[in-house]
Amino acid sequence: MRPALNRRVFLKHSGMAAIGTVISSNIAFANKIPDNYLPRLLDEGDALKGKSTEMIVQGDKPWNVESPVHLLDDKITPVEKMFIRNNGLVPEKIDTNTWTLTIDGESVNESKTYTLADLKKRFKHYTYQLVLECGGNGRSGFQPQASGNQWGQGAVHCASWTGVRLKDVLAEVGVKGDAVYIGYHSKDLHLSKDPKKESISRGVPIAKAMEDETLLAWELNGKQLPEFHGYPLRLVIGGWPASVSGKWLSGISVRNKVHDGAKMDGHSYKMPKNPVAPGEDVPQTDQYFKIIESMPVKSLITYPKSGAMIAPETELALRGHAWAGDLAVKKIEVSIDYGATWKECKLEAPANRLAWQHWNTKMKFPAKGYYEVWVRATDAKGNAQPMVTPAWNPGGYLNNSCERIAVKVG
């Protein structure tokens with residue numbers, strides 16, 4: 001039997017024989033390994049454990065893993081196809097028996113601490129399907145290149161989350177009338193491993209925190225929350241950048257001002273207040289930037305996979321999802337002539353508020369040749385996706401340009 005592997009440390013064994021024993025495999029280019037070099041142990045029980053083999057690794061320090069768009073075809077995204085965006089390191093020790101959540105801050109009547117058992121026993125449980133999308137999803141489309149992971153369009157998912165409403169817990173604690181914001185605190189480790197530093201501590205205005213769909217969740221798709229998705233407890237806030245949905249949740253601070261935690265400064269998860277030239281160096285102050293809130297309208301073609309080849313006269317089935325931050329999607333259209341004409345598609349209602357909506361249609365192509373199928377969503381306020389990449393910004397956020405796939409007929 002292959003020995004158990006430690007996924008969080010570098011290989012401690014000395015000598016190539018020991019390495020071979022541990023990984024149960026021949027080592028490619030073993031004769032070229034420098035003296036005194038210890039390779040990283042390949043235990044993709046790291047973030048990749050249980051994930052599809054098609055997932056795209058954007059980085060492993062911290063783990064950032066993207067789903068190819070065609071993997072997002074499920075109406076409810078399964079764990080093996082869900083993107084991962086971490087800012088720090090997964091907690092090394094998790095004991096659900098001692099795990100607590102503390103509610104504090106300037107704007108609570110009195111700080112209060114709950115165990116997981118307290119939360120599960122004292123408050124009603126709710127389940128919602130919620131879209132979580134990285135604010136930088138689509139960043140690779142910006143030119144010149146913006147800072148950060150160069151996500152394609154797969155840093156999004158819509159899963160089913162179960163937990164208690166944050167508003168119910170805050171009601172028991174008592175929130176003062178001067179409450180403006182909430183900020184979360186988590187037990188993921190800063191990349192420096194300095195226990196005094198938080199890797200990320202973001203938040204939302206108190207009105208968003210009090211929405212019915214804002215959850216303290218411990219279940220994902222009806223099962224225990226996986227380690228890399230925030231086990232044993234996380235905040236889930238649909239419709240806004242996924243960075244406000246803190247994992248490994250240990251605290252909520254109710255603030256009488258905009259939260260000022262880690263990744264609330266500079267241009268992190270912020271957009272310029274006024275348009276800027278591509279590549280322009282913008283001072284990273286509140287004078288020039290505003291915090292991203294509701295995500296823009298967006299859609300995906302999840303079937304077929306780009307590059308589909310079909311016979312002439314074949315009617316091609318198309319389907320995908322659409323979402324619009326805090327809003328609903330009211331219309332989905334597809335085009336096969338680069339946006340000259342559009343055909344409206346069948347659009348389903350969301351399972352609940354802040355869930356994505358499924359769409360489908362069938363298309364025939366007039367002749368043999370190469371085509372691009374474009375999809376465009378319009379939200380309830382009439383905002384439609386742009387056909388080209390929207391205005392450049394230093395963080396490479398909010399690229400909601402039309403998604404497209406290639407189709408060859410012939």
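Everything numeric in this text was worked out from a predicted model, so none of it was measured.

How do you make sense of empty space enclosed by the protein when you look at a structure like this?
A probe matching the size of a water molecule, rolled over the atoms, marks out where space remains unfilled. Counted by the stated rule, this structure contains one cavity of 30 Å³ or more. If you trace the largest cavity, you find 23 residues lining it, with Arg-85, Arg-234, Ala-242, Ser-245 and Lys-247 closest to the centre. For the lining of the largest cavity, the secondary structure elements donating two or more residues are strand S3 (84-85) and strand S8 (181-186). Residue classes in the lining of the largest cavity are distributed as 10 nonpolar, nine polar and four charged.

I keep staring at the environment of Asn-97 and nothing clicks. Help me out?
By the secondary structure assignment, Asn-97 is in the loop between S3 and strand S4 (100-104). Classification of Asn-97 by relative accessible area gives exposed; the value is 69%. Here the alpha-carbon distance between Asn-97 and Thr-115, two residues 18 residues apart in the chain, equals 7.9 Å.

Which parts of the structure should I look at to understand the sheet that holds S8?
Backbone-to-backbone hydrogen bonds join strands into a sheet, with any given pair of strands oriented parallel or antiparallel. With respect to topology, five strands assemble into an open sheet ordered S5-S4-S13-S8-S9, the strand pairing being mixed. The open sheet is flanked by strand S5 (112-115) and strand S9 (203-205), the only strands paired with a single partner. Pairs of neighbouring strands in the sheet enclose a mean axial angle of 15°, with direction left out of account. Relative to S9, S8 runs antiparallel, the two being bridged by three bridges. Note on S9: the bridge partner recorded for Gly-183 is Gly-203.

About the criteria used
Residues numbered from 1 in each chain as written. Predicted model: local features only at pLDDT ≥ 70, side-chain atom pairs only at ≥ 80, totals over all residues. Heavy atoms only, no water. 1 Å grid on protein atoms, 1.4 Å probe; cavity = no way out; pocket = protein on both sides within 12 Å on 5 of 7 lines; lining within 4 Å. Points joined across faces, edges and corners; volume = space filled by probe spheres on them. Helix = DSSP H or I, 4+ residues; strand = E, 2+ residues; numbered from the N terminus. Nonpolar A, V, L, I, M, F, W, Y, C, P; charged D, E, K, R; others polar. Buried < 20%, exposed > 50% of the residue type's maximum accessible area, 1.4 Å probe, protein only. Pairing = 2+ DSSP bridges. Axes fitted to C-alpha atoms, helices over the stretch in contact; angles between N-to-C directions.

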